[in-house]
Structure formats: structure tokens, C-alpha cells
Amino acid sequence: MCYLGYFINIQYVSLFFTAMSRSIVRQSKFRHVFGQAVKADQNYDDIRVSKVTWDSSFCAVNPKFLAVIVESSGGGAFLVLPLSKVGRVDKNYPLVIGHSGPVLDIDWCPHNDNILASCSEDTTAMVWQIPDHTPSRPISEPIVVLEGHSKRVGIIKWHPTARNILLTAGSDNLIIIWNVGTGEPLMTMDDHPDLIYNISWNYNGSLFCTTCKDRRLRVCDPRKNEVVAERLCPHEGIRPMRAIFTKEGNIFTTGFTKMSQRELGLWDPTNFEEPIALLELDTSNGVLLPFYDPDTNIVYLSGKGDSSIRYFEITEEPPYVHYISTFSSKEPQRGMGFMPKRGVDVSKCEIARLYKLHERKCEPIMMTVPRKSDLFQDDLYPDTAGPEPALEPEEWMHGRDADPILVSMRDGYVPPKTRELKVAKKNVLDTRPATRRSMSAVDGSSLPCSVGGWAAVAGALGWAWKKQRHCRDDSSGTHPPSKNIQRSQAYPTQTSPPLKSTQHALVKPSLRKGRRGHPRTKRSACM
């Protein structure tokens, strides 16, 4: 009996600790997400990544293309590759050129996989149409050039839901929102007194948040052209900060403490007094670049010079920001690209894919949830933002907001066919006064008179000219002119100059002998 009682007590103790462990360990379907680099033959090799000292990701990717800012002489350039073109990249592969200064940032249009925007130190932003086929020579003609900044342009962001709305920010501390469809600026904000570090739209594009060198975090309403909320020193360090909007409307930030430790925070923009969460990470100089997935509420953090990628899950339960795991490799990263959810492989339970830039290559890294079943996992893949815009530029400008149009991932995503971006610029000649056109530039169809009318006018002029000559000859007592002169005056051509003064009147003809002794008529030089 004593052995039986001892056995029963052991069972109760084990059940108690099992229940306690279940209450302590957080239940999440993303607890076991792991990162895995692709095989070596699936990398993109021999890419000369840009060495510009600018805290940009240097990489942009969508379900069709991979774009990387590269080193080039004589201006700025970036490389655009189809995702299927893995392996070694030919050194003569055509680049996208057109900027006269180094390219600082690039961004794919969320509503057209063939449209890419870039900004540069040459104070301009450009929008490019990328063909599906491999170009035979460098692409040098952008669809539209956006000129409005006086200093270098370092940030470029597409609107998440409205068609053709593009945001740029430069070192002149200006934020300009453009309508790419017309190539014209819609509004300009000058509320920042110093250099802007980064900008992030919220989920429906009604607001955006910024971080600035003056150590303030701002929330801006672009259509009202005002700052609706701001927080001084969300991180006490003086090094650059980054901020992004979450799907619920909170703001996730990365920065530094006074002791140069890297730190992340979660803030409620309606109450900036206290952070929702604040977490210290490690000591390093690299700025943490956040990449956010709104479908899973997971944030991936990668710092320049780091060799690891940390990822956290944001929830509504304390401590609100939960550390999941870290992907580590041997080589440091120069930049990072983040694939939209439309481009992941649902058959392998891939929830995210990042493109890590090395010094001479680009390495894809897949984030996968381990599942035994080969069926479609509904809990991992809710409907995600599709390529169709929810608003037109005019609707957004008039104050309307809309969430992205969602598409299902059950059968995977198939990119649509190439769609051209049409830029309808206003004719600048419509605003200028009409100028006089020369007769040489006017065609016959625009003349006020027909051919018969011109013949009548020419005949009348010839008759008047002839009568005037006879009157002068009669008054001076001279002989009438020769028949040749009469014939040339009776049928004047259209290009004959009209008489404007008495110097064009006929001079009295004189007779003198020519070479063979025959008399000939001496004509006036004006004839």
C-alpha cells in the first residue's frame, strides 16, 4: 500500500508541474519558426553592392524581381534581376542608369510588380518601368522624373493602398507627396527641423510616422499637413532611430540607450507618455532595420554589420513584444530585402523570405514554420494584401481611407501580366500666351485662302503694279517697258516681294550693245 500511495503522489506532482509549465510557456504557432539559407547554387553571385554611407537597405524585392543598388562609375545605378536568374551574374549585365549621383534608396510599387522608384544624391527621384524580358542594353529612360528637392533625396515610399501616390524625403528636411500619374507634387511638409531618418505609412495609408535627427518621433497627417502627435526621445541615445507602424496602429521603434546599447520599443501614438514595452538587446554600432509582416505580426531585425537576424512577435498580451529566435551566419550583412507575403512558398510553410546582401552576393533566407502536413495551412496564411489598389489618387486626396484589397494564398500567388504606367502630364504650352507663327511653319491646310483666292489676290496686285508703272512713265515721258518686263509683272509669283517704297519703282530702261552687238534691255537691280 505504501508503494501504491507513493506512486499516486508522484503522478499528482508530475501533473502539477505539467500544468504549471503550460501556463508559463506562451502558446504561439510561431514559437518554432526557424531561418534557413538556400543552397549555394541558389544565390545571386558577383554583385558589387554599393558602398555609399547611407542607412538604407540597398535592396528591394517583389514576387517578380530582385533590385540591388550597386557600385557604378559616372553616376548612380542599380541592378534588377528576375528571381529565377540565380547563380553568377554577368559583369556586363544591363543596369538601370539615369541618376547623375549615387542611388540611395529604391522601392517597388505594391500595385504593379514592374514599376520601381529610386532616389539619389542628384536631388531627384525617378520612376522606372522594368520589362519582363532581360534587356539587351542598360535602361536609361525613366517614365517620369520628380524634381522638387534642393538636396539629396534619401527616402522613397509608395502609398500602401492608393494608386500612384509616392512619398519622398530629402536632406532639405522636406517631405513631398507626388502623384506619379501626372508627375506633379500634391503636397509638401516642412515640419522637420533636421535630417529625417525614416518614414513608415500605417496600414491604410492615412498617417505616417517619422524619426528625425532632433530625436523626436512624429505622427503626421499628410492631407491636413500637420503633425498630430510627437514624442521627444523615445530612445535616450543620440544615434539614429527607426520606426514602423503595426497593423493595430501602434508604433514599433529601434534605437539606442545612453550607454549605446541597442533598444526596441512599442508605443501607442494616442498616448506617448509611457511605452507599451521597452527592451534592451545588446551593444553594437549598427542601426537595426525593422521589417514587419502585418499578417503574422512578426518583426525581423537586421543591423548593418551584424551576422544575425532576430525576430519578435507582437501580441496584445504582456510583455507585448516576445522574442522568438535568432538566425545566425558567419558573414556580416551589407543590407537586406524583404519579400511581400505574395512571394513566399506556401507549399513549404514559408512565412517570410529575406534577401541578405553580402559584399559580392545576395543570399535568400527562408523563415519556415515546421509542419508535418503537406496541406495548405489556413492559420499560417490569412488573406494578404493583393496588387490591386483600393483608392484612386483623387479619392485619397479628398479624405477617403480604405484598407488594402486582400487576396487568398490557398493556391499560391501568380503575378499578373505586365501593366504599363501611363503618365498624363499637363501640357505646359496651355499656360503660355500664343506666339506668332512664321509663314514657313504653316501648312497649306491652315491658310485662310484657297489656291483660287491666292490667284485672285496675285492678279489684283499685278494689275495695280502695272497701272502704277504706266502712270509714272506717262508723267516722265519715257518709253514703255519691254514685253519681257511687262510679262513678268503681269504674272507675279506668290513669293514676289511687295513694293514698300519708291526705290523699287522701275528705272528708265537704257539700250546698250551686248557681246554680239545686239541691243538689250538694262533692268534695275531690284527687279
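No experiment lies behind these values; they were computed from the predicted model shown.

1. A short note on the nonpolar core
A general tendency of soluble globular proteins is for nonpolar side chains to be buried together.
Point 1. Among the nonpolar cores identified, the biggest contains 36 residues, and Ile47, Leu66, Phe78, Val80, Ile130 and Tyr355 are the most heavily contacted of them.
Point 2. Secondary-structure elements contributing two or more residues to this core are β3 (59-61), β4 (65-70), β5 (76-82), β8 (103-108), β10 (124-129) and β29 (350-357).
Point 3. For this core, the leading source of residues is β4, giving six residues.
Point 4. With near-sequence residues (within four places) excluded, Val80 lies in contact with Phe65, Leu66, Ala67, Tyr93, Val96, Trp108, Leu116 and Ile130.
Point 5. The next biggest cluster of nonpolar side chains, apart from the first, holds 25 residues, and it includes Phe30, Val344, Leu380 and Tyr381.

2. Points about the UniProt feature "repeat: WD" (unreviewed entry) in the protein chain
Point 1. Those places that UniProt annotates as "repeat: WD" (unreviewed entry) correspond, in this numbering, to residues 96-130 and 146-188.
Point 2. For residues 96-130, helix accounts for 0% and strand for 63%, while the C-alpha atoms at its two ends are 9 Å apart.

3. A word on empty space enclosed by the protein
Point 1. Counting across every chain of the model gives four cavities of 30 Å³ or more.
Point 2. Of the volumes computed, that of the largest cavity is approximately 80 Å³.
Point 3. Val80, Tyr93, Ile130, Pro135 and Ile139 are the residues nearest the centre of the largest cavity, which is lined by 13 residues in total.
Point 4. Residue composition of the lining of the largest cavity, grouped by class: 10 nonpolar, two polar and one charged.

4. Here's the deal with the sheet that holds strand β23 (residues 277-283)
Point 1. Taken together, four strands build an open sheet; the order of strands is β20-β21-β22-β23 and the sheet is antiparallel. Among the strands making up the open sheet, the edge pair consists of β20 (242-245) and β23. On average, adjacent strands in this sheet sit at an angle of 15° to one another, irrespective of strand direction.
Point 2. Examined bridge by bridge, strand β22 (residues 261-267) and β23 share five bridges and lie antiparallel to one another. Its bridge partner lying in β23, Leu264 is registered against Leu279.

5. Description of the confidence of the model for the protein chain
Point 1. In this model, the protein chain carries a mean pLDDT of 82, and residues with pLDDT of at least 70 account for 74%.
Point 2. Counting interchain partners and residues more than four positions distant, the pLDDT-below-50 stretch residues 427-455 has six contacts.
Point 3. Confidence over residues 475-527 falls short of pLDDT 50; this stretch has 42 contacts with residues more than four positions distant or in other chains.

6. Regarding the packing of aromatic side chains
The relative placement of two aromatic rings is captured by the distance of their centres and the angle of their planes.
Point 1. Tallied over the entire structure, the rule returns 10 aromatic pairs.
Point 2. Judged by centre distance (5.5 Å) and plane angle (15°), the rings of Phe65 and Trp108 are stacked. In this pair, Phe65 is assigned in strand β4 and Trp108 in strand β8, connecting sequence segments 43 residues apart.
Point 3. Looking at Trp108, the relative accessible area reads 6%, which means it is buried.
Point 4. When the centroid spacing of 6.4 Å and the interplanar angle of 65° are considered together, the rings of Trp267 and Phe272 count as edge-to-face.
Point 5. You can call Trp267 buried: its relative accessible area is 1%.
Point 6. Phe272 sits in the buried class, given a relative accessible area of 8%.
Point 7. What links up through ring pairs into an aromatic cluster is the set Phe291, Tyr300, Tyr311 and Phe338.
Point 8. Positioned over the ring face of Phe58 is Lys304, at 3.9 Å from the centre of the ring.

Definitions and cut-offs
- Residues numbered from 1 in each chain as written.
- Predicted model: local features only at pLDDT ≥ 70, side-chain atom pairs only at ≥ 80, totals over all residues.
- Heavy atoms only, no water.
- Core = buried A, V, L, I, M, F, W, Y, C linked by side-chain atoms within 4.5 Å.
- Buried < 20%, exposed > 50% of the residue type's maximum accessible area, 1.4 Å probe, protein only.
- Helix = DSSP H or I, 4+ residues; strand = E, 2+ residues; numbered from the N terminus.
- Contact = heavy atoms within 4.5 Å.
- UniProt positions renumbered as here; feature names shortened; annotations may be inferred.
- 1 Å grid on protein atoms, 1.4 Å probe; cavity = no way out; pocket = protein on both sides within 12 Å on 5 of 7 lines; lining within 4 Å.
- Points joined across faces, edges and corners; volume = space filled by probe spheres on them.
- Nonpolar A, V, L, I, M, F, W, Y, C, P; charged D, E, K, R; others polar.
- Pairing = 2+ DSSP bridges.
- Axes fitted to C-alpha atoms, helices over the stretch in contact; angles between N-to-C directions.
- pLDDT = per-residue confidence, 0-100.
- Phe/Tyr/Trp six-rings, centres within 6.5 Å; stacked < 30°, edge-to-face > 60°.
- Lys NZ or Arg CZ within 6 Å of the ring centre and 35° of its normal.

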